[in-house]
Amino acid sequence: MRLIYTLLLCFFSLLLPAQITLTFQPDSVCGKDAFVWTLQPTNAYPNHPDFIATMWTNNGNPSGTRQLVDFDLAVIPSGVTVQSAVLDLYHYPSPYNTGHSNLSGPADCWLQRITQPWQENTVTWNNQPATTTQNQLNIPAPLSLTQNYSLNVTQLVQDYLNNISGSFGFMLRLQNENYYRSLL
């Protein structure tokens, strides 16, 4: 997966203030990811190489995707204050999807905190988990076909840590799910 999630955490002890930088990158062992697809709404797509939100057509049939990702944040002690959290997303030439597209309008996306449990091997379009709009992050439409993103997700991560029992990762979805828009 071509994303790196960097958290800069600052927490204080009675003896010495400490600042720690942690980097999370989901893989087959740590974290989980999947996308859900309208074209095959009962199929699971775990560990797909694309990180994508799109609405398109496939042989004339509606075809939209949303991306889910979760990180193993167990190493972060409770009660920390997140000073900075950055999500880096890197464009790459996918063998499966067109890539960024603003063909019918801007492909602005939301990054939202997932509030229900899900498993990457069983999550589908039909059973995708709920999300919250609280502190959702606006991801502006790409300005070029190969644009990379470095996103400030500090508040989303703080929300996650403040409500660890009600946080299950993040969902990337188009703000306007009309055809021929894509963020890859």
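Residues numbered from 1 in each chain as written. Predicted model: local features only at pLDDT ≥ 70, side-chain atom pairs only at ≥ 80, totals over all residues. Heavy atoms only, no water.

Undergrad: Would you mind going over the nonpolar core in detail, with residue names and values included?
TA: In terms of nonpolar packing, the biggest core is built from 29 residues, with Leu111, Ile139, Leu151, Val153, Leu161, Phe170 and Leu172 touching the most fellow members. Every element with two or more residues in this core is listed here: strand 5 (53–58), strand 7 (81–89), strand 8 (109–114), strand 9 (131–139), strand 10 (149–152), helix 1 (154–162) and strand 11 (170–174). In this structure, Leu151 is in contact with Ala85, Val86, Leu87, Leu89, Leu137 and Ile139, ignoring residues within four places of it in sequence. Counting nine residues, the second-largest nonpolar core is a separate cluster that includes Val36, Ile114, Trp118 and Val123. (Core = buried A, V, L, I, M, F, W, Y, C linked by side-chain atoms within 4.5 Å. Buried < 20%, exposed > 50% of the residue type's maximum accessible area, 1.4 Å probe, protein only. Helix = DSSP H or I, 4+ residues; strand = E, 2+ residues; numbered from the N terminus. Contact = heavy atoms within 4.5 Å.)

Undergrad: Describe helix 1, and please don't skip the residues or the numbers.
TA: An α-helix turns once per 3.6 residues; consequently, residues spaced three or four apart project the same way. For helix 1, a buried count of seven out of nine residues is recorded, marking the element as mostly surrounded by other parts of the structure. Taken together, the buried positions of helix 1 are Thr154, Leu156, Val157, Gln158, Asp159, Tyr160 and Leu161.

Undergrad: Explain the environment of Asn138 residue by residue, including any values.
TA: Considering the arrangement of structural elements, one finds Asn138 in strand 9. A sequence separation of 26 residues divides Asn138 from Gln112, and the C-alpha atoms of the two residues are 9.1 Å apart. Apart from the residues within four sequence positions on either side, Asn138 is in contact with Asp108, Cys109, Trp110 and Gln175. A polar atom in the side chain of Asn138 sits 2.5 Å from the side chain of Gln175. (Polar contact = N/O pair within 3.5 Å; in protein donor to acceptor, adjacent residues only side chain to side chain.)

Undergrad: Can you explain the side chain of Ser94? Please cite residues and give values.
TA: Within the secondary structure, Ser94 sits in the loop between strand 7 and strand 8. A polar atom in the side chain of Ser94 sits 2.7 Å from the side chain of Asp50. A distance of 2.9 Å separates a polar atom in the side chain of Ser94 from the backbone nitrogen of Tyr96. When near neighbours in sequence (up to four residues on either side) are disregarded, Ser94 contacts Asp50 and Leu184.

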